[in-house]
Amino acid sequence: MADTTSVVLHSLPTDSHHCNTGRVYGNDFADPDQPPGSGLLDEVADAERELRARNAQDVGAGDAGAGSDYFAALVAADQKIEPRDWMPDGYRATLIRQMAQHAHSEIIGMQPEANWITRAPSLKRKAILLAKVQDEAGHGLYLYAATETLGVSRDALYELLLGGKQKYSSIFNYPTLTWADIGAIGWLVDGAAIVNQVPLCRCSYGPYARAMIRICKEESFHQRQGFEILHTLAHGTPQQKAMAQDAVDRWWYPSLAMFGPPDTDSTHSAQSMAWKIKRFSNDDLRQRFVDMCAQQATVLGLTLPDPDLRWNPERGAYDYTPPDYAELMEVIRGNGPCNRQRMAHHRAAHEDGAWVREAASAYAAKRAARAAAPQPSELTHV
Ligand code: FAQ
């Protein structure tokens, strides 16, 4: 099945004179020079197969007395920890922190793109963008639901975000100034998101790993649509090409910063990797992203804004200029170009939606009361 799919996918770019993505690695096309099955989506498919196979195995019931040994054995065996299993408090807290931050990012991440829904250049582009923004809402919902399995309510997570106690990704604090920014977000931001998130399909916590499989499939599609927008602009008029280049120039370093601080400053990486929540370090994933984009930029006919970007045959990777980590820390502290605007908009949307939550709660209470009341048939028998 995977082979047939890849043959079909590979036949598309050669048939299309609009967009040659045949040599592009990292989206839903595998690099044709690599062995079959080596694309990011193939990795997602492998992770899904692995998950199903693991689920079918009987690993025995968790013994509360030996909880810690059982947890360590499950992690060592690359099995999944499930909500009912014993887990260290730190593991639970780390997952809540990371998964909630991830969920918040998907929700806040709708804002920069939604800014262009009413100004998309055609009906087709508008429909695609609407669908993409809806997908991000869906990702937020899967992730909030997965986080709730750790014993925290969605309301509590919302309060933590609104109170500034939980973060969302730095990247969504940058403005979308032109239509080309929508292409750059798809190519670079969704591209960085899938490089970071494909390994999370193999995360040790079952509900998170399962949510990531579906999310990665959709993110891969998002990345491709961004690439296609940029490709169209880069092969359009000189003004359109300049607009595409300007967007890439502005989004490149913030996208590199999405992977977090360098490994030497990453407070959580060592423990998260020992627990197999994270499978690769921030710098390893950042390097992988740079290597992927350097090749894709040549297909786009655009340049990445780094004069020191060059292939290093000894390392088998591209050398590159790292992002400004002081800027990342400032954005994380709330001082990025759009932090205040994003939170103010989110607060207003939350308040505007109060009547929906009230109506839903009233309806749920009515249904519960009806279910609890004696049924007419029971009454007649009394
Ligand atoms: N922004 O010790 P580490 C998307 C914080 S979804 C803000 O290295 P960790 C889809 C970090 O929380 C994008 N904060 O942390 C989309 C920690 O602070 P704390 C979101 C950051 O967790 C596309 C401190 O710095 N993706 O794009 C950032 O081991 C288009 C120390 O850092 C995820 O959340 C940052 N960039 O590694 C939607 C993926 N980086 O809590 C719409 C899941 C670091 O101690 C449109 N998350 N921090 O106060 C992860 O993989 C990890 O959490 C990392 C950070 C890699 C982000």
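The structure contained in this document is the topic of the report that follows. A quick note: this is a predicted structure, and the numbers were derived from the prediction, not measured.

Parameters and conventions
Residues numbered from 1 in each chain as written. Predicted model: local features only at pLDDT ≥ 70, side-chain atom pairs only at ≥ 80, totals over all residues. Heavy atoms only, no water. Helix = DSSP H or I, 4+ residues; strand = E, 2+ residues; numbered from the N terminus. Core = buried A, V, L, I, M, F, W, Y, C linked by side-chain atoms within 4.5 Å. Buried < 20%, exposed > 50% of the residue type's maximum accessible area, 1.4 Å probe, protein only. Contact = heavy atoms within 4.5 Å. Salt bridge = Lys/Arg side-chain N within 4 Å of Asp/Glu carboxyl O. Disulfide = S-S within 2.5 Å. Near = heavy atom within 4 Å. Areas by Shrake-Rupley, 256 points an atom, 1.4 Å probe, with all protein chains shown as cover. Nonpolar A, V, L, I, M, F, W, Y, C, P; charged D, E, K, R; others polar.

This part takes up unusual backbone geometry. In this structure, Asp 78 is a non-glycine residue whose phi angle is positive, near 60°. By the element assignment, Asp 78 lies in the loop between helix H3 (67-76) and helix H4 (89-108). Although it is not a glycine, Lys 276 sits at a positive phi angle of roughly 60°. In this structure, Lys 276 sits in the loop between helix H11 (269-274) and helix H12 (282-300).

Quick look at the nonpolar core now. Across soluble globular proteins, nonpolar side chains have a tendency to be buried as a group. Among the nonpolar cores identified, the biggest contains 87 residues, and Tyr 91, Trp 187, Tyr 205, Tyr 208 and Phe 289 are the most heavily contacted of them. No other element matches helix H9 (residues 206-234), which puts 11 residues into this core. What Phe 289 contacts, discounting residues up to four positions off in sequence, is Leu 188, Gly 191, Ala 192, Val 195, Trp 252, Ser 255, Leu 256 and Phe 259.

This part is about the pattern of salt bridges. Evaluated as defined, the whole model comprises 16 salt bridges. With a closest N to O distance of 2.6 Å, Arg 49 and Asp 46 form a salt bridge. With Arg 49 and Asp 46 both in helix H2 (residues 40-56), this residue pair falls 3 residues apart, about one helical turn. When the shortest N-O distance is used, the salt bridge between Lys 217 and Glu 48 registers 2.9 Å. Pair noted here: Lys 217 is in helix H9 and Glu 48 is in helix H2, with a separation of 169 residues, a long-range link. Salt bridges sharing common partners tie together Glu 113, Lys 132, Glu 136 and Asp 190.

The final tally for this structure, using the stated rule, is 0 disulfides. No disulfide involves Cys 216; its sulfur sits 3.9 Å from the nearest other cysteine sulfur, which is in Cys 201. The class for Cys 216 is buried, based on a relative accessible area of 1%.

The local shell around the ligand holds 34 residues, among which Lys 167, Ser 266, His 268, Lys 278 and Asn 282 are the closest. Contact with the protein chains covers 91% of the free accessible surface of the ligand, which is 1100 Å². Mapped onto the shell around the ligand, the elements with two or more residues apiece are H4, helix H6 (123-148), helix H8 (180-197) and H9. In terms of residue count, H4 provides more of the shell around the ligand than any other element does, 6 residues in total. Taken together, the residues of the shell around the ligand sort by class into 11 nonpolar, 14 polar and 9 charged.

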